[in-house]
Amino acid sequence: MEGLWYKECSNGRRFIIKITPGESLTTRLLQFAHLTDVRYAMIVSALGSVKNVRLRGIKTGAKLPITPPRVTIHDIEGPCELLGLQGNIVPGEDDLLDCHFHIMMSKSSGEVVGGHLYEAEVFATCEIILTELDVSGVERHVSKVGGIPTIYIDEEAP
């Protein structure tokens, strides 16, 4: 395996975030990161309810790199119970913050769906525990192999 594939980091500040009905989940988390000067973070837990969700799933049998014809976009009106949100916030190639989130939610039928989150609107509430990460030399770059933005670790950074 070429290059550095792991990097030690430690926890920084921890936050409880409440996002109110009608707000965009991803936009609000990016606003929060900018307001608090959080450059690296991970979602510890999230619960609540969402609607108007747009997510991506990789098609069965897809090959690398991941390209638009190899994924399925799902638009789910909801409302749905938010069962989980995982992911991180990391600077991108242009030094702007980039969110990479995966969502898991249940429909009124009890069916559980999820995937790579593009957008979701908070329905009743969304309560998130987020921890800041103390790390440097980590950015998100588009992977030539995977075809999607992925974490890049700078071997020269402390």
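Because the structure is predicted, anything quoted here is derived from the model rather than measured. (Residues numbered from 1 in each chain as written. Predicted model: local features only at pLDDT ≥ 70, side-chain atom pairs only at ≥ 80, totals over all residues. Heavy atoms only, no water.)

Engineer: Would you mind going over a nonpolar patch on the surface with me for this structure?
Structural biologist: A grouping of Ile16, Met42, Val44 and Ile129 is seen on the molecular surface, where their side chains present a nonpolar patch of about 370 Å² in accessible area. As for its position among the elements, Ile16 is in strand β1 (residues 10–19). Look at Ile16 and you get exposed, because its relative accessible area is 74%. (Patch = residues over 30% accessible without salt bridge, like charges linked within 9 Å, V, L, I, M, F, W, Y side chains within 5 Å. Areas by Shrake-Rupley, 256 points an atom, 1.4 Å probe, with all protein chains shown as cover. Salt bridge = Lys/Arg side-chain N within 4 Å of Asp/Glu carboxyl O. Helix = DSSP H or I, 4+ residues; strand = E, 2+ residues; numbered from the N terminus. Buried < 20%, exposed > 50% of the residue type's maximum accessible area, 1.4 Å probe, protein only.)

Engineer: Would you mind showing me how to read the UniProt feature "domain: PPC" (unreviewed entry) in the protein chain here?
Structural biologist: Within this numbering scheme, the UniProt entry marks residues 9–154 as carrying the feature "domain: PPC" (unreviewed entry). For the annotated span residues 9–154, helix accounts for 8% and strand for 61% of the residues, and the straight-line distance between the end C-alpha atoms is 14 Å. (UniProt positions renumbered as here; feature names shortened; annotations may be inferred.)

Engineer: Looking at this structure, I do not really get the pairing of strand β5 (residues 97–106). What am I missing?
Structural biologist: Looking along a regular strand, one sees the side chains alternate between the two faces of the sheet. Sheet topology note: the strand β4 (residues 80–91)/β5 ladder contains ten bridges and is antiparallel. Directly across from Gln86, in β5, lies its bridge partner His102. What sits between the antiparallel neighbours β4 and β5 is a turn of five residues, in which Asp95 has the positive phi angle 75 degrees. One ladder, built from five bridges, connects β5 with strand β6 (residues 112–134); its direction is antiparallel. Within the sheet, the bridge partner assigned to Ile103 lies in β6 and is Gly115. (Pairing = 2+ DSSP bridges.)

Engineer: What am I meant to see in the pairing of β6 here?
Structural biologist: Pairing of β1 with β6, which is carried by eight bridges, proceeds in the antiparallel orientation. By the bridge assignment for β6, Ile16 is matched with Ile129. The hairpin formed by β5 and β6 contains five residues between the paired strands, and Gly110 there has a positive phi angle of roughly 95 degrees.

Engineer: Quick question: what am I supposed to make of the packing of aromatic side chains here?
Structural biologist: The way to describe two aromatic rings as a pair is by their centre distance and the angle between their planes. Here the structure, examined in full by the defined rule, presents two aromatic pairs. Measuring from ring centre to ring centre gives 5.2 Å for Trp5 and Tyr6, while their planes differ by 75 degrees; the resulting arrangement is edge-to-face. By relative accessible area, Trp5 is classed as exposed at 60%. Considering the side-chain rings of Phe15 and Phe32, the 4.9 Å spacing of their centres and the 80 degrees angle between planes classify their relative orientation as edge-to-face. In this pair, Phe15 sits in strand β1 while Phe32 sits in helix α1 (residues 25–36), placing the two residues 17 residues apart along the sequence. You'll find Phe15 and Phe32 in the same group, each marked buried. (Phe/Tyr/Trp six-rings, centres within 6.5 Å; stacked < 30°, edge-to-face > 60°.)

Engineer: Explain the environment of Lys63 here, please?
Structural biologist: Note on placement: Lys63 falls in the loop between β2 (41–58) and β3 (71–76). Residue classification places Lys63 among the exposed residues on the basis of a relative accessible area of 58%. Sequence separation between Lys63 and Gly146 is 83 residues, and the spatial gap between their C-alpha atoms is 9.1 Å.

Engineer: Help me out: how do you make sense of the state of the cysteines in this one?
Structural biologist: Here, disulfide denotes a covalent bond that connects the sulfur atoms of two cysteines. Counted under the stated rule, the structure contains zero disulfides. Here Cys9 is not cross-linked by a disulfide; its sulfur's nearest cysteine counterpart is in Cys99, at 17 Å. Looking at Cys80, it has no disulfide partner, and the nearest cysteine sulfur is the one in Cys126, 13 Å off. (Disulfide = S-S within 2.5 Å.)

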